[in-house]
Amino acid sequence: MKLSVAIADSRALPSAFVVWRGIEESIQKAAGLGYDGVELALKQAEEVDPDRLAACLQRAGLEVSCISTGQVYAALGLMFTDPDTERRRRVCGVFEALIDLAESFGRIVNIGRVRGQIGDAPRDRAEGLFLDMARRLCDYAGPKNVTLVLEPVNRYEIDFVNSVAQGADLLHKVNRPNLKLMPDVFHMNIEDRTLGGELARHIEQIGYIHLADSNRRAPGQGHTDFQDIFNHLKRSGYDGWVSVEILPEPDPDRAAAEAAAFLRPMIDQYNANKPI
Ligand code: LER
Ligand code: MN
């Protein structure tokens, strides 16, 4: 298991859901705190210079864990279920460029709120548009060895795919081997019956995990039982990334440090095959 932290470019919207902004400085800071990687929250591939990014990662000894796409929805207003053909073409183009970038950086691209809202549209129509876009992008990403990960998000942020079980059902409908789930334990705390139990139940479909405590602060600052989560993941054989996506409170440096101080020893034990 490897530990990552969510970061964005310094020009990202204030609402971008990351711990640090400024890609190169964030990579250095993450390395200093013992993270193994960074999750890049991008709205389009042009935000990064691949050569500079590769050099910076190499200096720091870090990897990109995933490219996340919340800003494609929040900043560009694009979504898979948009009834407008031209806007769907745009989101498809933005995603293809992010998949191209992920071929060299992380090989995982997330689908969060950009999957879209259902709103007042007939549910079948929205789901059909999602299935069409997801299959098209999976087929584009497959030959590049890139996996897409669908993130169930709580009902107060989106009205389509809230629980991990709903995500698992939709994955079956998409029916592509390179579409997996990205559970976020903050959203699961609102939507799912259990945390560890549901993760274990859907382990075959899980490709990536977001960690935050019950109050969306650093793990250890709320009442989520991370020991139980790690025990379930360990018994299920999970060996992928866990990424810290938390509120930058009380400030970004403290939040990232608190998360690393809490999680690093647990993950080291997890990887050493000792009981947690
Ligand atoms: C994105 O990973 C996420 O968890 C969303 O809640 C951001 O708004
Ligand atoms: Mn998340």
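Figured I'd write up the structure that's included with this text.

A word on the overall build of the protein. Across its full length, the protein holds ten helices and nine strands. For a compact globule of 276 residues, the expected C-alpha radius of gyration is about 19 Å, and the protein comes in at 17 Å, within 12% of that figure. C-alpha atoms of the protein, sized along the principal axes, occupy 50 × 40 × 35 Å. Split into buried and exposed, the 276 residues of the protein put 55% on the buried side. One way to put it: in the protein the 32 positive side-chain charges average out to a point 2 Å from where the 40 negative ones average out.

A few words now on the nonpolar core. With 89 residues, the main nonpolar core has Ile-27, Val-38 and Phe-130 as its most contacted residues. Ignoring anything within four residues of it in the chain, the contact list for Val-38 reads Ser-4, Val-5, Ile-7, Ile-27, Ala-30, Leu-57, Leu-62, Glu-63, Val-64, Ser-65 and Cys-66.

Note on placement: Asp-49 falls in the loop between strand S3 (37-41) and helix H2 (50-60). Among the polar contacts made by the side chain of Asp-49, one reaches the main-chain amide nitrogen of Asp-51 at a distance of 3.0 Å.

What follows is about the site of ligand 1. Close to ligand 1 lie Arg-113, Glu-151, Glu-157, Asp-184, His-187, His-210, Arg-216 and Glu-245. A distance of 2.7 Å separates an oxygen atom of ligand 1 from a polar atom in the side chain of Glu-157. Between ligand 1 and His-187 there is a distance of 2.7 Å, counted from an oxygen atom to a side-chain nitrogen or oxygen. The protein chains hide 91% of the 250 Å² of surface that ligand 1 would expose on its own. Along the lines of polarity and charge, the residues of the shell around ligand 1 split into no nonpolar, two polar and six charged.

For the rest of this paragraph, the subject is the packing of helix H1 (residues 23-32) against H2. Packing of H1 against H2 brings their axes to within 9 Å, and their N-to-C directions diverge by 20 degrees. One element, H1, and the other, H2, form an angle in the roughly parallel class. When the axes of H1 and H2 are compared, the crossing they make is right-handed. For the pair formed by H1 and H2, the contact residues are Ile-23, Glu-24, Ile-27, Gln-28 and Ala-31 on the first element and Arg-52, Leu-53, Cys-56, Leu-57, Arg-59 and Ala-60 on the second.

Turning our attention to the packing of helix H9 (residues 226-236) against helix H10 (residues 252-271). Following both chains from N to C, one finds H9 and H10 inclined at 25 degrees, their axes separated by 11 Å at the closest point. Considering their axes alone, H9 and H10 lie roughly parallel with respect to each other. Where H9 crosses over H10, the handedness of that crossing is right-handed. In contact with Phe-226, Gln-227, Phe-230, Leu-233 and Lys-234 of H9, H10 contributes Phe-262, Leu-263, Met-266, Ile-267 and Tyr-270. Tallied by class, residues from the contact of H9 with H10 come to eight nonpolar, one polar and one charged.

Inspection of the entire model under this criterion finds five aromatic pairs. Judged by centre distance (5.9 Å) and plane angle (25 degrees), the ring pair of Phe-80 and Phe-130 falls under stacked. Of this pair, Phe-80 sits in the loop between helix H3 (70-74) and helix H4 (85-104) while Phe-130 sits in helix H5 (residues 123-141), and the two are 50 residues apart along the sequence. Across the pair, Phe-130 and Phe-80 agree in class, each one buried.

Mapped onto the elements, Lys-144 comes out in the loop between H5 and strand S6 (147-150). Beyond its immediate sequence surroundings of up to four residues, Lys-144 is in contact with Ile-99, Asp-100, Glu-103 and Arg-107.

On to H1. Among the residues making up H1, those that are buried are Ile-23, Ser-26, Ile-27 and Ala-30. Projected down its long axis, H1 shows its buried positions confined to an angular sector of 105 degrees, all on one face. On its buried face, H1 is in contact with strand S1 (2-8), strand S2 (20-21), S3 and H2. Two residues or fewer past H1, Gly-34 is found with a positive phi of approximately 90 degrees.

Next up on the list: the pattern of salt bridges. Using the criterion set out here, one finds 20 salt bridges in the structure. Note that Arg-216 is salt-bridged to Asp-184, the shortest N-O span being 3.7 Å. Linking Arg-216 in the loop between strand S8 (209-211) and H9 with Asp-184 in the loop between strand S7 (179-181) and helix H7 (185-191), this pair joins segments that are 32 residues apart in sequence. We classify Asp-184 as buried; its relative accessible area is 0%. The network of salt bridges with shared partners includes Glu-157, Asp-184, Arg-216 and Glu-245.

Parameters and conventions
Just so you know, the residues in each chain are numbered from 1, in the order the chain's sequence is written. As they are written, the chains are lettered A onward and the ligands numbered 1 onward, keeping that order. Owing to the predicted nature of the model, reporting of local features is limited to residues with pLDDT of at least 70; listing and counting of side-chain atom pairs is limited to 80 or more, with chain, interface and lining totals taken over all residues. Excluded from the side-chain calculation are hydrogens and water; included are all heavy atoms of the structure. By definition, any uninterrupted DSSP run of H or I lasting at least four residues is a helix, any uninterrupted run of E lasting at least two residues is a strand, and each is numbered from the N terminus. Every radius of gyration here is taken over C-alpha atoms, with the globule rule written as 2.2 Å times N^0.38, N being the number of residues. For every residue, the accessible area (1.4 Å probe, protein chains only) is compared with the maximum for its type, and the residue is labelled buried under 20%, exposed over 50%, or partly exposed between those bounds. This count recognises Lys and Arg as positive and Asp and Glu as negative, with His and chain-terminal groups excluded. Just so you know, the charge point we use is NZ for Lys, CZ for Arg, CG for Asp and CD for Glu. Buried Ala, Val, Leu, Ile, Met, Phe, Trp, Tyr and Cys residues that are joined via side-chain atoms within 4.5 Å together make up what is termed a nonpolar core. We call two residues in contact whenever any of their non-hydrogen atoms come within 4.5 Å of each other. Under the rule applied, a polar contact is a pair of N or O atoms within 3.5 Å (in protein, one hydrogen donor and one hydrogen acceptor; residues adjacent in sequence only if both atoms are side-chain atoms). One heavy atom suffices: a residue is near a molecule or strand as soon as one of its heavy atoms comes within 4 Å of it. Surface accessibility in these figures is a Shrake-Rupley result with a 1.4 Å probe; residues are shielded only by whichever protein chains are displayed. We call Asp, Glu, Lys and Arg charged. Ala, Val, Leu, Ile, Met, Phe, Trp, Tyr, Cys and Pro are nonpolar, and the rest, Gly among them, are polar. Here the axes come from fitting lines to C-alpha atoms, over the contacting stretch only for helices, and the angles between their N-to-C directions go from 0 to 180 degrees. Roughly parallel here means an angle under 35 degrees, roughly antiparallel means over 145, roughly perpendicular means 65 to 115, and every remaining angle is called oblique. For any helix crossing, the convention is left-handed if the near helix is rotated counterclockwise from the far helix by under a right angle, and right-handed if that rotation is clockwise. Working definition: rings of Phe, Tyr and Trp (its six-membered ring) pair if their centres are within 6.5 Å, and the pair is stacked with planes under 30 degrees apart, edge-to-face with planes over 60 apart, and tilted otherwise. An arc is given here, and it is the one of the directions from the helix axis to the C-beta atoms. What makes a salt bridge here is a side-chain nitrogen of Lys or Arg within 4 Å of a carboxyl oxygen of Asp or Glu, nothing more.

These values are about where atoms sit, not about what they do.
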